[in-house]
Every structure is written in C-alpha cells, then in structure tokens.
Amino acid sequence: MTRFTEELRIAADPIFNAIFDHPFVRGIADGTLRKEQLIHYVKQDFEYLNAYIRIYGMAISKCDDRDTMALFNEQISFILHSETHPHQNFCEVAGVTYEEMQSFPLAPSAHHYIRHMLNAAHEGNMEDIIAALLPCPWTYAEIGKRLLEEVKPSRTHKFYDWMHFYGDREFGITEQMRLLLDKWAEPLSPERKRRLKEHYLTSCQLEYMFWDMAYSLEEWPVNAMKAEGVGR
Ligand SMILES: Cc1ncc(C[n+]2csc(CCO)c2C)c(N)n1
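Sequence order as written defines residue numbering, which begins from 1 separately in each chain. Whole-chain, interface and lining totals are the exception, using all residues; otherwise, since this is a predicted model, local features are given only for residues with pLDDT of at least 70 and side-chain atom pairs are given and counted only at 80 or more. As a convention, hydrogens and water are excluded, and side-chain values are obtained from all of the structure's heavy atoms.

K.L.:
Tell me about the overall build of the chain, and name the residues and values.
P.N.:
Helices and strands together make up the secondary structure of the chain, namely 12 helices and zero strands. N-terminal to C-terminal, the α/β element order of the chain is α-α-α-α-α-α-α-α-α-α-α-α. Scaling as 2.2 N^0.38, a compact globule of 232 residues should have a C-alpha radius of gyration of about 17 Å, and the chain matches this with 18 Å. Overall, the C-alpha framework of the chain stretches about 50 × 45 × 30 Å when taken along its three principal axes. The contact criterion used is simple: two residues touch if any of their non-hydrogen atoms lie within 4.5 Å. The contacts of the chain with a sequence gap of at least 6 include a subset with a gap of at least 24, amounting to 81%. Counted as positive: Lys and Arg. Counted as negative: Asp and Glu. His and the chain ends are not counted at all. All charge positions are set by atom: Lys at NZ, Arg at CZ, Asp at CG, Glu at CD. Treating the 25 positive side-chain charges of the chain as one cloud and the 35 negative ones as another, the clouds have centres 1 Å apart. Counting from the N terminus, the helices are the DSSP runs of H or I reaching at least four residues and the strands are the DSSP runs of E reaching at least two. We compute the radius of gyration from the C-alpha atoms alone; for a globule the expected value is 2.2 Å times N to the 0.38, where N is the number of residues.

K.L.:
Just give me the short version of helix α7 (residues 108–123), but keep the residues and values in it.
P.N.:
In this analysis, the expected span of each helix is defined as 1.5 Å times one less than the number of residues it contains. Its 16 residues place the ends of α7 22 Å apart at the C-alpha level, agreeing with the 22 Å of an ideal helix rising 1.5 Å per residue. Turning to α7, its buried residues are Pro108, Ser109, Ala110, Tyr113, Ile114, His116, Met117, Leu118, Ala120 and Ala121. Of the surrounding elements, those touching the buried residues of α7 are α4 (35–61), α8 (126–133), α9 (135–151) and α12 (190–215). Relative accessibility decides the category of a residue: with a 1.4 Å probe and only protein chains considered, values under 20% of the type maximum give buried, values over 50% give exposed, and everything between is partly exposed.

K.L.:
Account for the pattern of salt bridges, with residues named and values stated.
P.N.:
Between Lys or Arg on one side and Asp or Glu on the other, a salt bridge is scored when a side-chain nitrogen of the former is within 4 Å of a carboxyl oxygen of the latter. Applying the stated criterion across every chain yields a total of 12 salt bridges. Across the salt bridge formed by glutamate 150 and arginine 26, the nearest N and O atoms sit 2.8 Å from each other. Separated by 124 residues along the polypeptide, glutamate 150 in helix α9 and arginine 26 in helix α3 (residues 23–30) bring together distant segments of the chain. The closest approach of N and O atoms between arginine 192 and aspartate 128, which form a salt bridge, is 2.9 Å. Of this pair, arginine 192 sits in helix α12 while aspartate 128 sits in helix α8, and the two are 64 residues apart along the sequence. Look at the salt bridges and you will find they share partners, linking Arg3, Glu175 and Asp182 into a network.

K.L.:
Help me get a handle on the state of the cysteines, residues and values and all.
P.N.:
Two cysteine sulfurs form a disulfide in these notes if their separation is within 2.5 Å. In the structure shown here, the tally under the stated rule is zero disulfides. Free of any disulfide, cysteine 63 has its nearest cysteine sulfur in cysteine 136, 18 Å distant. A relative accessible area of 11% places cysteine 63 in the buried class. Not part of a disulfide, cysteine 91 finds its nearest cysteine sulfur in cysteine 136, a span of 18 Å.

K.L.:
Could you give me a rundown of the environment of phenylalanine 72, with the residues and numbers involved?
P.N.:
By the element assignment, phenylalanine 72 lies in helix α5 (residues 66–81). In this structure, the C-alpha to C-alpha distance between phenylalanine 72 and methionine 177, residues 105 residues apart in sequence, is 9.9 Å. The contacts of phenylalanine 72, once residues within four sequence positions are left out, are Tyr56, Ala59, Ile60, Met126, Ile130 and Leu180.

K.L.:
Which residues make up the site of the ligand, and what are the values?
P.N.:
It suffices for a single heavy atom of a residue to lie within 4 Å of a molecule or strand for the residue to be listed as near it. Around the ligand sit 16 residues, and of these Asp45, Tyr56, Gln75, Tyr140 and Glu207 come closest. A distance of 2.7 Å is found between an oxygen atom of the ligand and a side-chain nitrogen or oxygen belonging to tyrosine 56. Between the ligand and the protein, one listed contact pairs a nitrogen atom with a side-chain N or O atom of tyrosine 140 at 3.3 Å. Shrake-Rupley sampling with a 1.4 Å probe provides the accessible areas, and residues are treated as covered by the protein chains on show and by no other component. Protein chains bury 97% of the 450 Å² of accessible surface belonging to the ligand in isolation. Mapped onto the shell around the ligand, the elements with two or more residues apiece are α4, α5, α9 and α12. Note on residue classes: Ala, Val, Leu, Ile, Met, Phe, Trp, Tyr, Cys and Pro are nonpolar, Asp, Glu, Lys and Arg are charged, and everything else, Gly too, is polar. Partitioning the shell around the ligand into residue classes produces 12 nonpolar, one polar and three charged. Definition of a polar contact: a pair of N or O atoms within 3.5 Å, with one able to donate and the other able to accept a hydrogen when the atoms are protein atoms, and with sequence-neighbouring residues admitted only if both atoms are side-chain atoms.

K.L.:
Before we move on, can you summarise the packing of α4 against α8 with the specific residues and values?
P.N.:
All axes here are fitted lines through C-alpha atoms, helices being fitted over the stretch that makes contact, and every angle between N-to-C directions spans 0 to 180 degrees. Between α4 and α8, the least distance of the axes is 10 Å, while the angle of their chain directions is 160 degrees. Considering their axes alone, α4 and α8 lie roughly antiparallel with respect to each other. Classified by chirality, the crossing of α8 by α4 is left-handed. Judged by residue contacts, Tyr52, Ile55, Tyr56 and Ala59 of α4 engage Met126, Ile129 and Leu133 from α8. Residue composition of the contact of α4 with α8, grouped by class: seven nonpolar, no polar and no charged. Throughout, the term roughly parallel applies to angles under 35 degrees, roughly antiparallel to angles over 145, roughly perpendicular to angles from 65 to 115, and oblique to all others. Crossings are assigned a handedness: left-handed for a near helix turned anticlockwise from the far helix by less than a right angle, right-handed for a clockwise turn.

K.L.:
An account of the nonpolar core is needed here, citing residue identities and associated values.
P.N.:
In this description, a nonpolar core means a group of buried Ala, Val, Leu, Ile, Met, Phe, Trp, Tyr and Cys residues linked to one another through side-chain atoms lying within 4.5 Å. Residues Ile28, Trp162 and Trp211 are the most contacted members of the largest nonpolar core, which totals 76 residues. Broken down by element, the residue count for this core peaks at 14 residues, all from α4. Leave out the neighbours within four places in its chain, and tryptophan 162 touches Ile28, Pro86, Asn89, Phe90, Tyr140, Ile143, Leu147 and Trp211.

Written out as structure tokens, the structure reads:
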C-alpha cells in the first residue's frame, strides 16, 4: 500500500519541479544572486522561522504523547541554534550582519504562508498541523540534495555551506514527520485526507511563492507602512 505521504509527494511533483527550476534556486547553484535578493530572503525567513517555532509550540499544546513533544522540542532548539547557519551564509555573501536583518514587516507571500500554517494550527488537529508544516523540511532537503549532486560545490563556492546544510541531512525531520502523518492519517475518512492534502499542497505552493518573493523583492503594492511607523 502506498504511504499517504508518498501520495502527497506525487501530487506535489509539478510544484517541486517548479521550485527546482526557480531562478532563486538556480541562483544558489550558480552563485549569481544579487545582494538585495539575499537580504530580502533573510529578512523574511527570519520572521518565517519565528512563526515556525511558535507553531511547534502550538502543536506541543495539542500533543498527548511524550515522544512527539520531545521531537517538536528538539526541532525548536534546532531552529533557534542551527537553522540560523544558512542565513549566516547568505549574510556573509551579501556583506551584511545577521542582526541588521531582524524584525522587518512581512512581505505579502511570507504573510500568506505564515497565516496558512497558523490557520491549520488554530483550527486543526495534529495531523492538520503536520500536513501544513511538512513541505518546509521536505522541499529544502530535496533542493539541497539535488544541488550537491548537480553542482558538486568546491569549498570556494559562495553557497557551499547552504547546500551542505540542507543536502547532508538524509531526510531526518522530513522522515520523522512523514511517519507521524502516515500513522495519524491512516484511520481518517477520505474527506479528512483530502483536507490534509489541501494543507500540504497549499504549503508547497507557498514555498514556491516564498522563493519568488525573495527573487522579485516583492513588497506590498503601496508603501504606506514606514510612514505610519510600522516595522523598521
Ligand atoms: C520558507 C522556508 N521554508 C523552509 C525552510 C527550511 N526550514 C525551516 S525550519 C526547518 C526545520 C523544521 O523542523 C527547515 C528545514 C526555510 N528556512 N524557509
């Protein structure tokens, strides 16, 4: 029998392929990203990681087994202390400090992605939360692995650290989340499974939009925030 999460991955294949071909990901491969694109990515991703940590916290509050609590707790620490390394890589290449990149208002696509995950966490059960969170580690693990195979970066490649950070991680957290989702989805009705697939595919689309937001320096249509003292 096909794993539920295998079905999800197959349904998302066109989105994964569009992500691998996206100019931001191509720009990591060939080192051609502009300074402003790296900066926009890190500013937005710093906020995205804050949201991701909070959602793990919300998941813990709905948890009733210690192993799952421990897994989410470890992931919170990992994001706080290690997930910052790829950001440091982008900051070094852009010639900025990490501190300068923090506490900016959300651009539209980052806002959309975060609200989608928060909505699953507010309204759903554990399986809804995991379905919305899963594309984050899954797409990055596949991007990292592909870039290592394709580019075989030497130590002097600008994004050597970034590629190794994600590409070396033999699907650790992705596989752990998949096992949980496969187990929780198994007894559910076809309608509930369709809903989980919708959460998952929406997050995959939003992963694509996040790369696109960084590449195109996406902002809100009217710059009315700064004048009102909103954000930095
Ligand atoms: C938009 C966006 N999507 C995915 C990641 C990668 N990522 C973020 S947190 C985490 C660990 C999950 O426990 C991983 C793999 C990112 N940085 N930004």
